Amino acid sequence: MNFEELVEKVASGEIKLHQVEKYTNGDKKLATEIRRKALEKKLGIKLENIGHYSIDPNQVIGKNIENMIGVVQIPMGVAGPLKINGEYAKGEFYIPLATTEGALVASVNRGCSALTAAGGVKTTLIDDKMTRAPLLKCPDARRAREVAEWVKNNLDYLQEKAVSKVTRHGKLRGVRPFIVGNNLYLRFEFETGDAMGMNMVTIASEEIMKVIEEEFPDVKYLALSGNLCVDKKPNAMNFINGRGKTVIAEAVIPRKIVEEKLKTTPELIAEVNYRKNLVGSAQAGSYGFNAHFGNIVGAIFLATGQDEAQITEGSHGITLAEVTPEGDLYISITMPSLEIGTVGGGTRVPTQREALSIMGVAGGGDPPGTNAKKFAEIVAGAVLAGELSLLAAIAAKHLAKAHKELGR
């Protein structure tokens with residue numbers, strides 16, 4: 001069949017969207033064009049901009065996307081330089097931000113300027129783990145406890161018997177059992193190197209379930225995720241126990257810089273933070289005791305090929321601000337569940353990989369895991385810049401003005 005015939009058959013439904021590659025000799029770029037043209041024909045619309053892109057469909061179909069018809073383009077800006085005094089990120093960095101929200105990049109950029117002028121951001125990585133929590137149905141609670149104890153005492157055995165069979169990079173480092181009636185939830189914790197690791201730990205957890213069912217024939221494996229992982233949902237579990245990277249960024253901003261660059265005072269920023277981010281968030285029952293973590297996390301995630309749904313957990317966290325005895329501003333952000341990677345998933349898409357390269361974190365680190373840790377510190381520094389700038393804008397009553405000028 002020629003191009004027009006294929007478009008007609010896809011538009012009519014005779015050939016299904018996911019079957020097109022079978023008729024193009026595996027040419028995924030051609031299949032993408034056929035699907036898009038068929039959609040245009042069926043809906044009576046034009047998708048010209050969706051059809052303009054530099055990404056090669058042959059590289060992403062089957063790995064990052066199905067039924068591809070083109071791309072959606074999001075403007076990308078850059079903020080910085082931001083000086084970071086981290087354990088892995090050391091030096092000045094530019095941060096790519098993909099967003100359609102006017103004023104966001106400008107705001108983060110202002111925060112970067114103030115923080116860098118103050119000597120930079122100190123970042124500290126507290127924890128690093130990816131979790132998956134399968135669900136087992138046991139005869140009763142006592143049996144669930146027995147299984148949980150066996151699992152806790154046999155982590156090395158499970159690593160050798162199950163995990164090492166399916167991954168060279170993942171390592172089982174712990175488990176937290178939760179028992180509800182006769183339900184046993186095993187929240188496994190893994191090290192995943194430079195990968196965010198969700199696929200890795202999912203496959204490894206399934207192998208572990210096979211071993212447990214062999215060891216305990218009266219126990220039934222019901223669900224690979226029992227929702228205590230917790231993935232892509234606001235939750236207290238990750239807010240308290242962490243998932244992915246747990247990282248803190250902090251800085252002391254001299255009063256002069258606060259007054260000259262941010263047009264306010266340390267006292268006002270501290271009071272706004274207390275009454276807005278702490279009291280207001282508590283009244284709302286929020287897991288985000290912050291001004292807008294999600295804004296910065298979301299823009300970086302979209303720019304660098306992270307799992308965009310995990311912006312949810314990335315918005316968890318606490319912003320603190322207080323006046324030092326010297327009259328300067330101490331400000332910090334704590335991010336308990338920053339789920340990111342520099343290899344795998346969307347990070348291999350060429351445009352997203354280029355964005356990672358802006359920060360010097362594209363691909364695997366040497367030793368493994370160091371690039372993702374460095375990336376986490378950069379993200380935390382950028383989030384601190386965003387929090388500082390927004391709090392200052394609110395304190396100085398400049399927020400509406402900025403959006404009038406840049407966000408309309």
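Each value, and the rule that gives it
- Residues numbered from 1 in each chain as written.
- Predicted model: local features only at pLDDT ≥ 70, side-chain atom pairs only at ≥ 80, totals over all residues.
- Heavy atoms only, no water.
- UniProt positions renumbered as here; feature names shortened; annotations may be inferred.
- Domains from an automatic or database assignment.
- Contact = heavy atoms within 4.5 Å.
- Buried area = accessible area lost by both parts, 1.4 Å probe.
- Salt bridge = Lys/Arg side-chain N within 4 Å of Asp/Glu carboxyl O.
- Helix = DSSP H or I, 4+ residues; strand = E, 2+ residues; numbered from the N terminus.
- Buried < 20%, exposed > 50% of the residue type's maximum accessible area, 1.4 Å probe, protein only.
- Axes fitted to C-alpha atoms, helices over the stretch in contact; angles between N-to-C directions.
- Parallel < 35°, antiparallel > 145°, perpendicular 65-115°, else oblique.
- Nonpolar A, V, L, I, M, F, W, Y, C, P; charged D, E, K, R; others polar.
- Expected span 1.5 Å × (residues − 1).
- Arc of directions from axis to C-beta.
- Patch = residues over 30% accessible without salt bridge, like charges linked within 9 Å, V, L, I, M, F, W, Y side chains within 5 Å.
- Areas by Shrake-Rupley, 256 points an atom, 1.4 Å probe, with all protein chains shown as cover.
- Core = buried A, V, L, I, M, F, W, Y, C linked by side-chain atoms within 4.5 Å.
- Phe/Tyr/Trp six-rings, centres within 6.5 Å; stacked < 30°, edge-to-face > 60°.

As annotated in an unreviewed UniProt entry, the protein carries the name 3-hydroxy-3-methylglutaryl coenzyme A reductase and comes from Thermococcus kodakarensis. In the Pathway (unreviewed entry) part of its UniProt record, the protein is described as follows: "Metabolic intermediate biosynthesis; (R)-mevalonate biosynthesis; (R)-mevalonate from acetyl-CoA: step 3/3." Under the UniProt heading Catalytic activity (unreviewed entry), the entry covering the protein gives this text: "(R)-mevalonate + 2 NADP(+) + CoA = (3S)-3-hydroxy-3-methylglutaryl-CoA + 2 NADPH + 2 H(+)".

Trainee: Looking at this structure, how should I read the domain arrangement of the protein?
Mentor: Interface extent is often summarised as the accessible area lost during association of the parts. Assigned domains within the protein: domain 1 (3–59), domain 2 (76–128 + 244–407) and domain 3 (134–223). Centre-to-centre separation of domain 2 and domain 3, based on C-alpha positions: 35 Å. Contact residues are listed per partner, giving 18 residues for domain 2 and 6 residues for domain 3. Together domain 2 and domain 3 conceal approximately 730 Å² of surface at their shared face, both sides included; 42% is due to carbon and sulfur atoms. Considering only the surface of domain 2 that becomes buried against domain 3, Asp128, Gln310 and Val343 emerge as the three largest contributors, covering 41% of it. The interface formed by domain 2 and domain 3 holds 1 salt bridge in total.

Trainee: It is not clear to me how the pattern of salt bridges should be interpreted in this structure. Could you clarify?
Mentor: Close approach of charged atoms lets side chains of opposite charge pair. The final tally for this structure, using the stated rule, is 22 salt bridges. A salt bridge links Glu14 to Lys9; the shortest N-O distance between them is 3.0 Å. A single network of salt bridges, built from pairs that share partners, joins Asp127, Lys129, Arg173, Arg176 and Glu189.

Trainee: Help me understand unusual backbone geometry in this model?
Mentor: Glycine aside, the phi torsion of most residues is negative, and most peptide linkages are trans. Note that the residue after Gly80, namely Pro81, is joined by a cis bond; omega there is 5°. Structurally, Pro81 can be placed in strand E1 (residues 76–85). Along the chain, Cys229 connects to Val230 via a cis peptide bond; the corresponding omega equals -15°. Looking at the element boundaries, Val230 is found in the loop between strand E7 (220–223) and helix H8 (236–241). Positive phi outside glycine occurs at Ala103, with the angle close to 90°. Looking at the secondary structure, you find Ala103 in the loop between strand E2 (90–98) and helix H4 (104–117).

Trainee: Explanation requested: the environment of Lys16 in the structure shown.
Mentor: Structurally, Lys16 is set in the loop between helix H1 (3–12) and helix H2 (28–43). Given a relative accessible area of 47%, Lys16 falls into the partly exposed group.

Trainee: Got a minute to help me understand the packing of helix H5 (residues 141–153) against helix H6 (residues 155–166) in this structure?
Mentor: Axes are the key here: two packed helices are described by the angle between their axes and the distance separating the axes. Contact pair H5 / H6: the axes reach a minimum separation of 5 Å and the direction vectors enclose 75°. Overall, the two elements H5 and H6 adopt an arrangement that is roughly perpendicular. Listed contacts from H6 to Trp150, Val151, Lys152 and Asn153 of H5 are Leu155, Tyr157 and Leu158. Residue composition of the contact of H5 with H6, grouped by class: 5 nonpolar, 1 polar and 1 charged.

Trainee: What should I look at first to understand H6 in this one?
Mentor: Helix length check: H6 (12 residues) gives 16 Å between terminal C-alpha atoms against 16 Å at 1.5 Å per residue, within 8%. Within the span of H6, buried status applies to Leu155, Leu158, Gln159, Ala162 and Val163. Angularly, the buried residues of H6 cover 130° about the axis, an arc narrow enough to put them on a single face. Structural note: H6 exposes Asp156, Glu160 and Lys165 on the side pointing more than 90 degrees away from its buried face. Residues of H6 that are buried in the fold lie against H5, strand E5 (171–180), strand E6 (183–191) and helix H7 (198–215).

Trainee: Whenever I open this one, a nonpolar patch on the surface confuses me. Can you help?
Mentor: Together, Val72, Ile74 and Leu302 make up a nonpolar patch on the protein surface, roughly 270 Å² of accessible area in all. Locating Ile74 in the fold gives a position in the loop between helix H3 (57–60) and E1.

Trainee: Explanation requested: the nonpolar core in the structure shown.
Mentor: Here is a general trend for soluble globular proteins: nonpolar side chains tend to be buried in one another's company. Membership of the largest hydrophobic core comes to 54 residues, with the highest contact counts inside it found for Leu97, Leu115, Ile253, Ile269, Met335 and Leu388. Top contributing element to this core by residue count: helix H14 (residues 370–395), with 13 residues. When sequence neighbours within four positions are dropped, the list of residues in contact with Leu388 reads Gly111, Ala114, Leu115, Ile253, Leu262, Ile269, Leu329 and Ile331. One finds Leu136, Leu184, Ala204 and Val211 within the second-largest nonpolar core, a separate group that totals 28 residues.

Trainee: When you look at the packing of aromatic side chains in this model, what are you seeing that I'm missing?
Mentor: For any pair of aromatic rings, the description rests on two quantities: the centre-to-centre distance and the angle between the ring planes. Using the criterion set out here, one finds 5 aromatic pairs in the structure. With a centroid separation of 6.1 Å and an interplanar angle of 45°, the aromatic rings of Phe239 and Tyr287 are classed as tilted. Separated by 48 residues along the polypeptide, Phe239 in helix H8 and Tyr287 in the loop between helix H10 (266–284) and strand E9 (288–289) bring together distant segments of the chain. When the ring of Phe239 is compared with that of Phe289, the centres are 6.1 Å apart and the planes differ by 50°; the resulting orientation is tilted. Taken as a pair, Phe239 in helix H8 and Phe289 in strand E9 lie far apart in primary sequence, 50 residues in all. By relative accessible area, which is 19% here, Phe239 ends up buried. Through successive ring pairs, a cluster of aromatic residues spans Trp150, Tyr157 and Phe216.

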